Amino acid sequence: MRRPLVAGNWKMHGTRASVAELINGLRRQVLPADVEVAVFPSCLHIVQVLEGLADRVAEVGAQDCAADPAQGALTGEVAASQLQDAGCTLVLVGHSERRLLLGETDADVVRKFAAAQSCGLIPLLCVGETLEQRESGKTLEVVGAQLASVVDVLGIDVFARAVVAYEPVWAIGSGLTASPEQAQQVHAAIRAQLAAHSAEVACTVRILYGGSVKAANAAELFGMPDIDGGLVGGASLNADEFGAICRAAGS
Ligand code: 13P
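Computed from a predicted structure; not experimentally measured.

Topic: unusual backbone geometry
And then number 1: With a phi close to 50°, lysine 11 is a non-glycine residue in the positive phi region.
And then number 2: Since its relative accessible area comes to 18%, lysine 11 is described here as buried.
And then number 3: Within the chain, serine 212 stands out as a residue other than glycine whose phi angle is a positive 55°.
And then number 4: We classify serine 212 as buried; its relative accessible area is 16%.

Re the pairing of strand β4 (residues 90–93)
And then number 1: Residue alternation in β4 divides its side chains into two sets, Leu90 and Leu92 and Val91 and Val93, and both sets are buried.
And then number 2: Note: strand β3 (residues 59–62) against β4, two bridges, orientation parallel. Opposite alanine 62, over in β4, you have valine 91 as the bridge partner.
And then number 3: For the crossover from β3 across helix α3 (residues 80–86) to β4, the handedness is right-handed.
And then number 4: Of the strand pairs in this sheet, β4 and strand β5 (residues 122–127) are connected by four bridges, and their pairing is parallel. Among the inter-strand pairings, leucine 92 is bridged to a residue of β5, identified as leucine 124.

Here we look at the UniProt feature "binding site: substrate" (unreviewed entry) in the protein
And then number 1: The feature "binding site: substrate" (unreviewed entry), as given by UniProt, occupies Asn9, Trp10, Lys11, Gly173, Ser212, Gly233 and Gly234 in the numbering adopted here. Across 226 residues, the annotated set stays spatially compact, with a maximum C-alpha separation of 13.8 Å. Among the annotated residues just listed, those that line the largest pocket are Asn9 and Lys11.
And then number 2: With respect to the secondary-structure elements, glycine 173 resides in the loop between β6 (163–166) and α8 (180–195).
And then number 3: Take glycine 173: its relative accessible area is 78%, and that puts it in the exposed class.
And then number 4: Not counting residues within four places of it along the chain, the set of residues in contact with glycine 233 comprises Asn9 and Lys11.

Structural notes on the packing of helix α10 (residues 215–222) against helix α11 (residues 239–248)
And then number 1: Where α10 contacts α11, the two axes come as close as 8 Å, and the packing angle between them is 20°. With respect to α11, the element α10 is oriented roughly parallel. At the point where α10 passes α11, the crossing takes the right-handed sense. Each of Ala215, Ala218, Ala219 and Phe222 in α10 lies in contact with α11, whose residues at this interface are Glu241, Ala244, Ile245 and Ala248.
And then number 2: Residues belonging to the contact of α10 with α11 are distributed by class as follows: seven nonpolar, no polar and one charged.

With respect to α10
And then number 1: Along α10, the positions that sit buried rather than exposed are Asn217, Ala218, Leu221 and Phe222. Relative to the axis of α10, the buried residues are bounded by an arc of 125° and lie together on one face. Facing away from the buried surface of α10 by more than 90 degrees, the exposed residues are Ala216 and Glu220.
And then number 2: Where α10 is buried, its residues touch β1 (5–9), α8, β7 (206–210), β8 (229–232) and α11.

Description of a nonpolar patch on the surface
And then number 1: A grouping of Leu100, Leu101 and Leu102 is seen on the molecular surface, where their side chains present a nonpolar patch of about 350 Å² in accessible area.
And then number 2: Looking at the element boundaries, leucine 101 is found in helix α4 (residues 96–101).
And then number 3: Residue classification places leucine 101 among the exposed residues on the basis of a relative accessible area of 67%.

Thresholds applied
- Residues numbered from 1 in each chain as written.
- Predicted model: local features only at pLDDT ≥ 70, side-chain atom pairs only at ≥ 80, totals over all residues.
- Heavy atoms only, no water.
- Buried < 20%, exposed > 50% of the residue type's maximum accessible area, 1.4 Å probe, protein only.
- Helix = DSSP H or I, 4+ residues; strand = E, 2+ residues; numbered from the N terminus.
- Pairing = 2+ DSSP bridges.
- Right-handed = clockwise from strand over helix to strand, strands pointing away.
- UniProt positions renumbered as here; feature names shortened; annotations may be inferred.
- 1 Å grid on protein atoms, 1.4 Å probe; cavity = no way out; pocket = protein on both sides within 12 Å on 5 of 7 lines; lining within 4 Å.
- Contact = heavy atoms within 4.5 Å.
- Axes fitted to C-alpha atoms, helices over the stretch in contact; angles between N-to-C directions.
- Parallel < 35°, antiparallel > 145°, perpendicular 65-115°, else oblique.
- Left-handed = near helix turned anticlockwise from the far one by under 90°.
- Nonpolar A, V, L, I, M, F, W, Y, C, P; charged D, E, K, R; others polar.
- Arc of directions from axis to C-beta.
- Patch = residues over 30% accessible without salt bridge, like charges linked within 9 Å, V, L, I, M, F, W, Y side chains within 5 Å.
- Areas by Shrake-Rupley, 256 points an atom, 1.4 Å probe, with all protein chains shown as cover.
- Salt bridge = Lys/Arg side-chain N within 4 Å of Asp/Glu carboxyl O.

Structure, rendered in structure tokens:
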């Protein structure tokens with residue numbers, strides 16, 4: 001059985017005051033014991049959140065890491081080893097906002113994935129197609145290539161210590177959610193692609209859906225056989241809404 005994971009990606013949001021409020025809101029939530037919960041604050045607020053959630057109401061992760069795991073002369077970057085030292089347990093890699101707006105390539109994503117694991121962090125690999133790619137029937141090809149870029153270089157076994165998030169670009173922050181059937185089709189394809197290398201890894205890896213997940217649509221999405229939870233953007237900035245999404249992932 002795969003333990004569901006609900007992850008909140010706070011993106012470039014938050015001030016010390018609003019983050020403190022969100023921490024208090026999260027601490028008030030009744031969260032299901034059978035669901036793993038994680039939040040990804042901006043780098044600036046990671047320590048504040050780690051301290052505020054010190055009794056591990058939720059895991060804390062970073063939204064990105066440098067491609068090189070070690071500390072060094074690289075202005076503005078944060079190394080996976082520094083994230084691990086701070087107390088993070090997870091890190092997002094390959095979010096579409098970084099791929100599309102900041103020019104991150106598959107090769108960069110592979111290096112970040114490896115850097116994270118070399119420091120004991122769990123990488124959460126984000127994949128997904130644009131609207132244009134979906135409309136031209138290329139969804140599975142695009143997502144398959146993003147996934148293959150990691151499998152081909154690092155092998156299949158790295159997915160025993162990783163999470164995959166399918167986030168269709170057209171559904172992110174748009175209010176448009178993939179239907180449960182649309183999402184399930186891609187999740188099943190991702191799992192089948194991994195199963196071609198290792199049935200065991202494919203069966204245990206968690207594949208999250210992201211893209212306008214909210215309390216009102218979470219249960220339907222999480223009810224699909226290959227959807228093991230969610231990567232939530234906007235709705236994770238509201239503790240009550242995020243708590244309801246976490247509860248929707250519980251049994
Ligand atoms: P929204 O939930 O705001 O659509 O964002 C999804 C996302 O990009 C999470 O990483």
